[in-house]
Amino acid sequence: MTAAGGADLAVTLCRDERAFARLRPEWDDLQRRCSTATPFQRHAWLESWWQSYGTRGRLRIVLVRRAGQLVAAAPLMLVHRPMPLLVAIGGGISDYADVLLDDTDELSAGEAVDALARGLRRAARHAVIDLREVRPGAAAQRLYARWTGARHRRADSVCLELPAMPMDELVKRLPTARAQRVRAKLRRIDAQAIEGVSVGEQRVPEAVGHLLRLHELQWRGRGVTAEHLRPRFAEHLVRATRRMVRDGEAALTEYRMDGEVVAASITLLSDELTGGYLYGAHPRLREHKVDVATMLLRHEADFAARTGRRVVSLLRGAEPYKNHWRPEAVANQRLMLAPRALAPVLHLHATRADWRARASKTVARRVPHARAWRARARAWRARA
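Notes on the structure follow. (Residues numbered from 1 in each chain as written. Predicted model: local features only at pLDDT ≥ 70, side-chain atom pairs only at ≥ 80, totals over all residues. Heavy atoms only, no water.)

### Re the overall build of the chain
Logical step 1: Tallying secondary structure elements over the chain gives 14 helices and 14 strands in all.
Logical step 2: In terms of C-alpha radius of gyration, the chain reaches 22 Å, essentially the compact-globule figure of 21 Å for 384 residues.
Logical step 3: Its C-alpha atoms give the chain principal-axis dimensions of about 65 × 45 × 45 Å.
Logical step 4: Counting the 384 residues in the chain, one finds 51% classified as buried.
Logical step 5: Within the chain, contacts between residues at least 6 apart in sequence are counted, and of these 75% link residues at least 24 apart.
Logical step 6: Of the roughly 18100 Å² of accessible surface on the chain, 51% is carried by carbon and sulfur atoms.
Logical step 7: Both charge centroids of the chain, one from 67 positive and one from 42 negative side chains, sit 8 Å from each other. (Helix = DSSP H or I, 4+ residues; strand = E, 2+ residues; numbered from the N terminus. Rg over C-alpha atoms; globule rule 2.2 N^0.38 Å. Buried < 20%, exposed > 50% of the residue type's maximum accessible area, 1.4 Å probe, protein only. Contact = heavy atoms within 4.5 Å. Areas by Shrake-Rupley, 256 points an atom, 1.4 Å probe, with all protein chains shown as cover. Lys, Arg positive; Asp, Glu negative; His and termini not counted. Charge placed at Lys NZ, Arg CZ, Asp CG, Glu CD.)

The following block contains the structure:
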């Protein structure tokens, strides 16, 4: 598909996964020119996700070029449940979704957004566009604001964020009593002489395998996320992390005590933020009274401050241990778009999504342990 988008704008639709793979250099260049991009829009992450989770023939990536240079992109795929939808690549295991937009020049960015919208309307002639987990201020928010067809916005997951500053400064933000407890935890960690060691590209497969084993061990009997136990997730994590570590877009850290790896974590990076994506820790650390969350946050906070990032993202979820740090709650949004002719279909989809969200909250309130039971059942099936 090709459409004019101005005197020197061209819009195309990429449906071939090999062509998507060849986009890597210009995709990465575009991401560097998109100030709101997160690590989950990296080509390494998206292409690897597609290899593990994509369905042949369903790829739908809308591309906008100005005089041959890529200036906007929407990485989507077609699904048919419960109705034809265009959804973001990376869904499910990615904390943020977005489109990419060269926003180095405001006037040119506006023209590129309009061209991207025209391309999406053509790609979605028979489908609703459903973008989950969009951050406030993301490029997709500009697309939503300029969309001329039907649209609907609703709240999605909450992500917690801290300012990027050294751990000593983060502790000063806490009430006195809590700050004293945190300092005591840090002293206990230091007393165990736990050393954080960065893993290079060549050791990524081995280190990721160890991380996932520790992750399963840490959550055993407590409802581990079932997807984290599946081979496709491990394959994706190895592929994506290896490329991203090589390119400085991720950090894989092992924590060693007496020469033994007792914990490991993956941190994903963008120009603006760091995000601790996944970690695993041996349960015996609890025997030594090591607070793993505090240990990992100190490493991430110091790294973010040292490398000039602005935000330490705790990613999705408002678990109590995260709230101890007085983070800012940032609500992702779900953006639904459709051509005017599909307005009734979009309304039906939005109503269904709202109903499911309310039903989930009702179950969580009335049967507080239902989610944990369901997670344990899924983990058991994944192991089986």
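### Things to note about the environment of Ala-155
Logical step 1: Inspection of the secondary structure puts Ala-155 in strand β8 (residues 150-163).
Logical step 2: It is 9.6 Å that separates the C-alpha atoms of Ala-155 and Asp-354, two residues lying 199 residues apart in sequence.

### A look at a positive patch on the surface
Logical step 1: On the surface, Arg-183, Arg-187, Arg-188 and Lys-289 cluster together into a patch of positive charge.
Logical step 2: Tracing the chain through its elements places Arg-187 in helix α7 (residues 176-191).
Logical step 3: A relative accessible area of 55% means that Arg-187 is categorised as exposed. (Patch = residues over 30% accessible without salt bridge, like charges linked within 9 Å, V, L, I, M, F, W, Y side chains within 5 Å. Salt bridge = Lys/Arg side-chain N within 4 Å of Asp/Glu carboxyl O.)

### Examining the layout of surface pockets
Logical step 1: In this structure, the second largest pocket occupies an estimated 240 Å³ of space.
Logical step 2: Taken together, 13 residues line the second largest pocket, and the ones lying closest to its centre are Arg-15, Arg-60, Arg-122, Ala-123 and Arg-125.
Logical step 3: Residues that form the lining of the second largest pocket fall into these classes: seven nonpolar, two polar and four charged. (1 Å grid on protein atoms, 1.4 Å probe; cavity = no way out; pocket = protein on both sides within 12 Å on 5 of 7 lines; lining within 4 Å. Points joined across faces, edges and corners; volume = space filled by probe spheres on them. Nonpolar A, V, L, I, M, F, W, Y, C, P; charged D, E, K, R; others polar.)

### Some remarks on the pattern of salt bridges
Logical step 1: Enumeration over the complete set of coordinates arrives at 33 salt bridges.
Logical step 2: Here Glu-272 and Arg-135 are joined by a salt bridge, their closest N and O atoms 3.2 Å apart. Placement of the pair is Glu-272 in the loop between β11 (260-269) and β12 (273-281) and Arg-135 in the loop between β7 (128-134) and α5 (139-146), with a sequence separation of 137 residues.
Logical step 3: Between Arg-310 and Glu-272 there is a salt bridge whose closest N-O contact spans 2.7 Å.

### So, the pairing of strand β10 (residues 250-257)
Logical step 1: Burial runs high along β10: six of the eight residues are buried.
Logical step 2: Of the strand pairs in this sheet, strand β9 (residues 195-198) and β10 are connected by four bridges, and their pairing is antiparallel. Looking across to β10, one finds that Ser-198 is bridged to Thr-253.
Logical step 3: In the sheet, β10 pairs with β11 via eight bridges, with the strands oriented antiparallel. Following the sheet pairing, Thr-253 is matched in β11 by Ser-265.
Logical step 4: Hairpin geometry of β10 and β11 is characterised by an intervening segment of two residues between the two adjacent antiparallel strands and by a positive phi of about 55 degrees at Asp-258. (Pairing = 2+ DSSP bridges.)

### Structural notes on empty space enclosed by the protein
Logical step 1: The tally for this structure, following the rule as stated, stands at one cavity of 30 Å³ or more.
Logical step 2: When residues of the lining of the largest cavity are assigned to their parent elements, the largest contribution, three residues, is made by helix α11 (residues 292-306).
Logical step 3: Grouping the amino acids of the lining of the largest cavity by side-chain chemistry returns two nonpolar, three polar and one charged.

All we've got here are geometric facts, nothing functional implied.
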